[in-house]
Amino acid sequence: MVTRRITRQEMKHDEFLDLMSRLTLLFEQNWRQLAVYSGCAVAIVLAGVGIFAWTVHSRTLAEAELARASSLLFSPVQEKDAEAGLRPGAAFASDHARDEAALAALKNAGKSGGTVGSLAAYYQGVALLRLSRASEAEAAFQQAIAGAKDSVLRGLIQHALATTAAQRGDLATAEQRFREMAQQETGYPKDLVLFDLAKILDQQGKAQEASQIRQQLAKEFPDSPLGRESSPVPQPG
């Protein structure tokens, strides 16, 4: 009976990880269509659906604690309303206060180690990036990737590490990390990687290399909105 119970728990845990991976990938595929137009920082690419899946399927106190802590990253802040003044129901007075509270909660949630610890470290890195503490975010992401087993989560962390280097102003390292992602199967959408690589090359004044990457993007992903945006405009004959 004991062996059978453990097997069921392991099966549920595997099913949860698979669900989290598929939901996160779905979130990524929808978000990347908005990336061209919104200009949102990649740091905000949280696995939001993962929080929902984690909450629904959590079976341990550690998982529930992580769900609560990571949800703070999405908590509302007080905003001015033209007619009613401060918006009612706001949880925090500012983005900074919200992110600091989330960071403190995530540090506590990550003490259990394992998959929970790896996810907690990833979310800590996101919070630190939003607080413009890129060096600390780098350390958090390195901790996260060391224990990450899921390919989609590893891809998210690798992308976050490249973004962190760019935020630090280390464009050469950001370029190197994006190139490594583009050359490997990382579990992260390659068209978005190529798009971000081209932007980093532009920032370094490498216009010709950026153009080559955009041509590669348009050729390999003609149906992607990023690929279509990167396609050369036909010149009149």
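Numbers given to residues run from 1 along each chain, matching the order in which its sequence is written. Totals for whole chains, interfaces and linings use every residue, but because this is a predicted model, local features are given only for residues with pLDDT of at least 70 and side-chain atom pairs only at 80 or more, for both listing and counting. Side-chain numbers here rest on the full set of heavy atoms in the structure, without hydrogens or water.

Visitor: Honestly, helix α8 (residues 171–183) in this entry has me stumped. Any pointers?
Guide: Think of an α-helix as turning once every 3.6 residues; residues three or four places apart then point the same way. The secondary structure listing takes helices from DSSP runs of H or I that are at least 4 residues long and strands from runs of E that are at least 2 residues long, numbered from the N terminus. One less than the number of residues in a helix, times 1.5 Å, gives the span that helix is expected to have. When the terminal C-alpha atoms of α8 are compared, their 18 Å separation across 13 residues agrees well with the 18 Å that a helix rising 1.5 Å per residue should span. Only protein chains enter the accessibility calculation, which uses a 1.4 Å probe; a residue whose area is less than 20% of its type maximum is buried, one above 50% is exposed, and one in between is partly exposed. Burial in α8 covers these residues: Leu171, Thr173, Ala174, Glu175, Arg177, Phe178, Met181 and Ala182. Residue contacts follow a heavy-atom distance rule, with two residues in contact if any of their heavy atoms lie within 4.5 Å. Tucked into the core, α8 has its buried residues touching α6 (134–147), α7 (151–168), α9 (190–203) and α10 (207–220).

Visitor: Could you clarify how one ought to interpret the nonpolar core in this entry?
Guide: As a rule of thumb, nonpolar side chains are buried together in soluble globular proteins. In plain words, nonpolar cores are sets of buried Ala, Val, Leu, Ile, Met, Phe, Trp, Tyr and Cys residues tied together by side-chain atoms within 4.5 Å. In this structure, Leu66, Tyr122, Tyr123, Phe141 and Ile157 are the most contacted members of the largest nonpolar core, which totals 54 residues. Elements supplying a minimum of two residues to this core: α3 (61–71), α4 (95–109), α5 (114–130), α6, α7, α8, α9 and α10. The leading source of residues in this core is α5, at 10 residues.

Visitor: In this structure, what is going on with the pattern of salt bridges? I would like to understand it.
Guide: Pairing between side chains of opposite charge can happen when their charged atoms approach one another. Salt bridges are defined as contacts in which a side-chain nitrogen from Lys or Arg sits within 4 Å of a carboxyl oxygen from Asp or Glu. The final tally for this structure, using the stated rule, is 15 salt bridges. Linking Asp99 and Arg130 is a salt bridge whose minimum nitrogen-to-oxygen distance equals 2.8 Å. Pair noted here: Asp99 is in helix α4 and Arg130 is in helix α5, with a separation of 31 residues, a long-range link. Asp99 gets classed as buried once you look at its relative accessible area, which sits at 3%. For Arg130, a relative accessible area of 22% translates into the label partly exposed. A salt bridge links Glu209 to Arg179, with the nearest nitrogen and oxygen atoms 2.9 Å apart. Note that Glu209 is positioned in helix α10 and Arg179 in helix α8, a separation of 30 residues in sequence. By relative accessible area, which is 31% here, Glu209 ends up partly exposed. Each member of the salt-bridge network shares a partner with another, and the members are Asp95, Arg98, Asp99 and Arg130.

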